[in-house]
Amino acid sequence: MEEKREPKVYGYVRVSTKKQDLTRQITSIYEYAEKNNLKIEKIFEDKETGLNFNRKGYNELVDRTITEDDIIIVHSIDRLGRNKKELEAEIKHITETRKTTLIVITAPFLTKGLNVKTTDPMSKLMFELTRNLFFEFLTTIAQFEIEQKKERVRTGIDNMEIKNGKKWSRKTGNYTGRPNIFEKIDKKKLIEYIKKGYKNKEIIELMKLKESTFYKVKNILKEENLI
């Protein structure tokens, strides 16, 4: 008789940008595992957006690592993702298709509903109803937070200072959108040529500019009262 395989336990952590730290989530997973006598095999990491599931760490874990009866631990539901429809589909993929247990540390009630295995119709119905309600609540919050973040970014861009004809962040010193037109043009030299009375064609030839670029830059300099 073949000996039954012991389930393996994995963690998954995610932040949205490379500058953010994963330590809090990793610590949370190890603490949970220790309290529940679970041994963590490996923690998979991503520093990418939660708006889709095209992530290296996540795909490596879910599509190429876990097998039936294994366990995945995440700190919170939004660490998996923030898109409601895709999140629900992925959770079903993990728990039903891959037949893996998913543990959400901050939502033990949801976890119970996700992983319940029962043949009793009434119990199954109750678990499904409560799971759906709680899942809807958590995913709505997750998506709401990402929409709020987008709105804050849009508002910030709308209120940015205009410099050299483009929106400019005083905090970072960077321009938004396409590369700043003055990054490839010697602004001081251009102003100098104009003030010395050089003809437009002469300046275009001297600075090797496209005619359209020259007139665009000249208009910007006029708006800023530099010429």
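Let me sum up the structure you'll find in this document. (Residues numbered from 1 in each chain as written. Predicted model: local features only at pLDDT ≥ 70, side-chain atom pairs only at ≥ 80, totals over all residues. Heavy atoms only, no water.)

All right, on to the environment of arginine 79 then. Within the secondary structure, arginine 79 sits in helix α3 (residues 77-80). Sequence separation between arginine 79 and serine 16 is 63 residues; the distance between their C-alpha atoms is 9.3 Å. Setting aside its immediate chain neighbours within four residues, arginine 79 contacts Tyr12, Arg14, Val15, Gln25 and Arg55. Here arginine 14 takes part through its backbone oxygen, which lies 2.7 Å from a polar atom of the side chain of arginine 79. (Helix = DSSP H or I, 4+ residues; strand = E, 2+ residues; numbered from the N terminus. Contact = heavy atoms within 4.5 Å. Polar contact = N/O pair within 3.5 Å; in protein donor to acceptor, adjacent residues only side chain to side chain.)

With that settled, consider the packing of helix α7 (residues 187-195) against helix α9 (residues 211-223). In the contact formed by α7 and α9, the axes pass within 12 Å of each other and the chain directions differ by 85 degrees. Between α7 and α9, the interaxial angle falls into the category roughly perpendicular. Listed contacts from α9 to Lys187, Leu190, Ile191 and Ile194 of α7 are Phe214, Val217, Lys218 and Leu221. For the contact of α7 with α9, the residue count by class is six nonpolar, no polar and two charged. (Axes fitted to C-alpha atoms, helices over the stretch in contact; angles between N-to-C directions. Parallel < 35°, antiparallel > 145°, perpendicular 65-115°, else oblique. Nonpolar A, V, L, I, M, F, W, Y, C, P; charged D, E, K, R; others polar.)

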